[in-house]
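Understanding the architecture of this molecule
Single-letter residue listing:
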Amino acid sequence: MKSYDIRSYDFKSDELFEKFFQEKLSDKRIPRPQFIYKLNQSKVEWIRILNSSHLRHKHGIPKDFGE
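The notes below deal with the structure included here.

Calculation rules
Residues numbered from 1 in each chain as written. Predicted model: local features only at pLDDT ≥ 70, side-chain atom pairs only at ≥ 80, totals over all residues. Heavy atoms only, no water. Helix = DSSP H or I, 4+ residues; strand = E, 2+ residues; numbered from the N terminus. Contact = heavy atoms within 4.5 Å. Areas by Shrake-Rupley, 256 points an atom, 1.4 Å probe, with all protein chains shown as cover. Lys, Arg positive; Asp, Glu negative; His and termini not counted. Charge placed at Lys NZ, Arg CZ, Asp CG, Glu CD. Core = buried A, V, L, I, M, F, W, Y, C linked by side-chain atoms within 4.5 Å. Buried < 20%, exposed > 50% of the residue type's maximum accessible area, 1.4 Å probe, protein only. Axes fitted to C-alpha atoms, helices over the stretch in contact; angles between N-to-C directions. Parallel < 35°, antiparallel > 145°, perpendicular 65-115°, else oblique. Left-handed = near helix turned anticlockwise from the far one by under 90°. Nonpolar A, V, L, I, M, F, W, Y, C, P; charged D, E, K, R; others polar.

Looking only at helices and strands, the chain has 3 helices and 0 strands in total. Counting helices and strands in the order they occur from the N terminus, the chain gives α-α-α. Projecting the C-alpha coordinates of the chain onto the three principal axes gives extents of approximately 40 × 25 × 20 Å. Put simply, 58% of the contacts in the chain that link residues at least 6 apart link residues at least 24 apart. Carbon together with sulfur atoms contributes 50% to the accessible area of the chain, which is approximately 5,400 Å² in total. Positive and negative charge centroids in the chain, built from 14 and 10 side chains respectively, lie 7 Å apart.

Shown next as structure tokens:
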């Protein structure tokens, strides 16, 4: 399984990450610092999910994702 790194991962072109991040946001507008904080936390969590086969399966991410 490929190992992912937060510094080199292309979050902008990952549609699954976009959906994941949208689920983390509330429907209300939030201040920019809070938005940035949630974005960074979501990125860290997403990389952790991608690097764990158990978490990939739990979130419905295909085994061959990113290859």
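This next bit is on the nonpolar core. One finds Tyr 9, Phe 17, Trp 46 and Leu 50 to be the most contacted residues of the largest nonpolar core, which totals 15 residues. Elements supplying a minimum of two residues to this core: α1 (15-24) and α2 (32-50).

Viewed as axis vectors pointing N to C, α1 and α2 meet at an angle of 130°, and their least axial separation amounts to 10 Å. For the element pair α1 / α2, the angle class is oblique. In this structure, α1 crosses over α2, and the sense of that crossing is right-handed. Together, Leu 16, Phe 17, Phe 20, Phe 21 and Lys 24 of α1 and Phe 35, Lys 38, Leu 39, Ser 42, Lys 43, Glu 45, Trp 46 and Ile 49 of α2 make up the contact between the two elements. Looking at side-chain class alone, the contact of α1 with α2 contains 8 nonpolar, 1 polar and 4 charged residues.

It is worth stressing that arrangement in space is one thing and function is another; only the former is reported here.
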